[in-house]
Number of protein chains: 2
Amino acid sequence: MGGLTVMRALRARLPGEDYVYLGDTARLPYGTKSAETVTRYAVQASAALMRHGIKLLVVACNTASAAALPTLAETLAPLPVVGVIAPGAAAAVAAAPDGPIAVIATEGTVKGGAYVRAIQAIAPHMPVVQQAAPLFVALAEEGLHDGPLPELAAQRYLGPLLATVPRPRGLVLGCTHFPVLKQVIAQVAGPEVTLIDSAETTAAAVGDVLRKQNLLNGEGGTARFLATDAPGRFAHLGQIFLGEPIDPGSVTLVDL
Amino acid sequence: MGGLTVMRALRARLPGEDYVYLGDTARLPYGTKSAETVTRYAVQASAALMRHGIKLLVVACNTASAAALPTLAETLAPLPVVGVIAPGAAAAVAAAPDGPIAVIATEGTVKGGAYVRAIQAIAPHMPVVQQAAPLFVALAEEGLHDGPLPELAAQRYLGPLLATVPRPRGLVLGCTHFPVLKQVIAQVAGPEVTLIDSAETTAAAVGDVLRKQNLLNGEGGTARFLATDAPGRFAHLGQIFLGEPIDPGSVTLVDL
């Protein structure tokens, strides 16, 4: 579901492209699963998207990007594959060049340490602190974006991060579900912490790749959706993340 | 994961039995999935358990019991299959014979209406009110069993139920995750509401079936675990629900 926040940024920046979005609703969430299982599921999902004649694959999920990007790039070569971790890491270093940088993400992304590696590949001595924030996924999917419950959850997760000395200057929203809770997170983090949402920078990275490879589309702008379970629920819930209505008739049930 | 609360009650009541527990950790949670998908997954899981020579199947998940019990019973006949809904409904009517009865459960269980049907099959005019409580699953899995976050969540979910006139006298914990949050739920519900945890009554129902079919085991008491992903995480998290340590070496990874 969270990948729709990336699709939203993509459609805003590259409105002439045609999009096919696959939501693995039968097996979500990926954030608590092992890297092996996430990789297997991501490969299956990409195969289904290949059958739709895609020209580029966006891995619009931090957990899948962290676990499966090398495998996907290798499997689908020469098709360009863009994940959300590298653009997020670059944006974090740009926004808080003196650090430290804090990362909130799923259990899987935190454990794998992909953000730490991606940030330190750009800024080798950058201090990075991490915190898994699994409740944010449930809150986002329930549409609980403000009020005391998300506030308490934000205090719980950000408290230890903000207590780091020196205090983090950048906070990476390292899960595509988190942008819908941005306001509450920003409020708890305070004005001195810059929030980094990798959706925007991922969309910019996709634009760069398409431009370089002469693949940009001027006309089009269609959006099709594939879901592995409950397409009606996908359409209904998806609007929160996509920020525009999803016609239930545009969602096709697929079996991976 | 939640099914381990049922296993805990089973082991307390029937300590001489040998148990094989399967946790579909690769595809959890079932609570937000469609009845069709839950049924498919439950049939696959039961096939894996059949290969371990089981003499009875307990469907230790409310969502799977609500969606898949008839299919499982038919597929596995003559093997006895016991779900958690019917025992829970019977316990609710016994505990609050004058009603009303409130049910908190997953989205899938609430939508399917299985508790309403099971309760009204025993007490045809019993008023039943329902509320999906998805955040409870995330709180239970994160080990957040008390404190302000589960309290606020309980107020959110129980508020509308407790405002029912007349006030409900029985509250069914209609998801196997919820018993670990029992204390907070009881505190918010108040002393006039009886909490019904179907784990106990399911264990009693299993004892009855085994007794009637002359299948009771006096000796044994072993426990083996199968998980479809991340057996280490299963062992670690599972202890919360089982109430006893799980040796990671006793958890086998299986592919359904």
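Please refer to the structure placed before this passage.
Let me sum up the structure you'll find in this document.

What counts as what
Residues numbered from 1 in each chain as written. Chains lettered and ligands numbered in written order. Predicted model: local features only at pLDDT ≥ 70, side-chain atom pairs only at ≥ 80, totals over all residues. Heavy atoms only, no water. Helix = DSSP H or I, 4+ residues; strand = E, 2+ residues; numbered from the N terminus. Expected span 1.5 Å × (residues − 1). Bend = angle between axes of the 7 residues up to and from the residue. Buried < 20%, exposed > 50% of the residue type's maximum accessible area, 1.4 Å probe, protein only. Contact = heavy atoms within 4.5 Å. Buried area = accessible area lost by both parts, 1.4 Å probe. Salt bridge = Lys/Arg side-chain N within 4 Å of Asp/Glu carboxyl O. Polar contact = N/O pair within 3.5 Å; in protein donor to acceptor, adjacent residues only side chain to side chain. Nonpolar A, V, L, I, M, F, W, Y, C, P; charged D, E, K, R; others polar. Least-squares fit on C-alpha atoms with pLDDT ≥ 70 in both. Axes fitted to C-alpha atoms, helices over the stretch in contact; angles between N-to-C directions. Parallel < 35°, antiparallel > 145°, perpendicular 65-115°, else oblique. Left-handed = near helix turned anticlockwise from the far one by under 90°. Pairing = 2+ DSSP bridges.

**Description of helix α8 (residues 148-162) of chain B**
Residues and elements named next belong to chain B.
- Here α8 contains 15 residues, and its C-alpha end-to-end distance of 19 Å stays within 8% of the 21 Å for a straight helix at 1.5 Å per residue.
- Considering bend angle alone, the principal kink of α8 is centred on Arg 156 and spans about 30 degrees; proline Pro 160 follows within four residues of it.
- Every buried residue belonging to α8 is among Leu 149, Pro 150, Ala 153, Ala 154, Tyr 157, Leu 158, Leu 161 and Leu 162, and all of these are buried.

**Considering the interface of chain B and chain A**
- Tallying the contact residues gives 28 residues for chain B and 28 residues for chain A.
- Counting the surface lost from both chain B and chain A, the interface buries some 2,300 Å², and carbon and sulfur atoms represent 53% of this.
- The tally of links between chain B and chain A comes to 4 salt bridges.
- Between Arg 156 of chain A and Glu 142 of chain B there is a salt bridge; the shortest N-O distance is 3.4 Å.
- One can count 14 residue pairs in polar contact (both at pLDDT 80 or more) joining chain B with chain A.
- Within the residue set of the side of chain B that touches chain A, elements represented by two or more residues are α2 (35-50), α7 (134-141) and α8 of chain B.
- Residue contributions to the side of chain B that touches chain A peak at 6 residues, all from α8 of chain B.
- Of the residues contributing to the side of chain B that touches chain A, the split by class is 15 nonpolar, 4 polar and 9 charged.

**Some remarks on the relation of the copies chain B and chain A**
- Mapping chain B onto chain A calls for a rotation angle of 180 degrees and an axial translation of 0.0 Å; the resulting RMSD is 0.0 Å. The transformation relating the two chain copies, once decomposed into turn and shift, fits a two-fold axis. In terms of C-alpha distance to the rotation axis, chain B has Arg 27 of chain B as its closest residue, with the C-alpha 2.4 Å off the axis.
- Interface overlap between copies is the fraction of interface residues in one copy that are interface residues in the other; for chain B against chain A it reaches 100%, indicating a shared surface.

**Quick word on the packing of helix α2 (residues 35-50) of chain A against helix α3 (residues 62-76) of chain A**
Residues and elements named next belong to chain A.
- Where α2 contacts α3, the two axes come as close as 9 Å, and the packing angle between them is 50 degrees. With respect to α3, the element α2 is oriented oblique. In this structure, α2 crosses over α3, and the sense of that crossing is right-handed. Between α2 and α3, the contacting residues are Ala 35, Val 38, Thr 39, Ala 42, Val 43, Ser 46 and Met 50 on the first element and Thr 63, Ala 64, Ala 67, Ala 68, Thr 71, Leu 72 and Leu 76 on the second.
- Of the residues that constitute the contact of α2 with α3, the class distribution is 10 nonpolar, 4 polar and no charged.

**Quick word on the pattern of salt bridges**
- For the coordinates displayed, the defined rule picks out 16 salt bridges over all chains.
- A salt bridge links Arg 233 of chain B to Glu 107 of chain A; its shortest N-O distance comes to 2.7 Å. With Arg 233 of chain B in helix α11 (residues 231-242) and Glu 107 of chain A in helix α5 (residues 107-112), the pair connects residues from two separate chains.
- We classify Arg 233 of chain B as buried; its relative accessible area is 17%.
- Relative accessible area serves as the criterion here: at 22%, Glu 107 of chain A is assigned to the partly exposed category.

**Some words on the sheet that holds strand β4 (residues 101-105) of chain B**
Residue and element names in this part refer to chain B.
- Ordered in space as β5-β4-β6-β7, the 4 strands form an open sheet in which the pairing is parallel. Looking along the sheet, the strands with just one partner apiece sit at the ends: β5 (128-132) and β7 (194-197). Averaged over all adjacent pairs, the angle separating strand axes in this sheet is 20 degrees, with direction ignored.
- Two elements, β4 and β5, share 5 bridges in a ladder whose sense is parallel. Looking across to β5, one finds that Val 103 is bridged to Gln 130.
- Its contacts with the sheet put helix α4 (residues 85-95) on β4, β6 (170-174) and β7, and the angle it makes with β7 is roughly 160 degrees.

**Details of the sheet that holds strand β9 (residues 251-253) of chain A**
Residues and elements named next belong to chain A.
- Spatially, 3 strands are ordered β1-β8-β9 in an open sheet, and the strand pairing comes out parallel. The two strands at the open ends of the sheet, each matched to only one other strand, are β1 (19-23) and β9. In this sheet, neighbouring strand axes are inclined to one another by 25 degrees on average, regardless of whether the strands run parallel or antiparallel.
- Bridge count for strand β8 (residues 223-227) against β9 is 3 bridges, and the pairing is parallel.

**Describing the environment of Thr 194 of chain A**
All names here are of chain A.
- With respect to the helices and strands, the residue Thr 194 is situated in strand β7 (residues 194-197).
- Distance in space between the C-alpha atoms of Thr 194 and Ile 101 is 9.5 Å, their sequence separation being 93 residues.
- Excluding residues that lie within four positions of it along the chain, Thr 194 makes contacts with Ala 95, Arg 169, Gly 170 and Leu 171.

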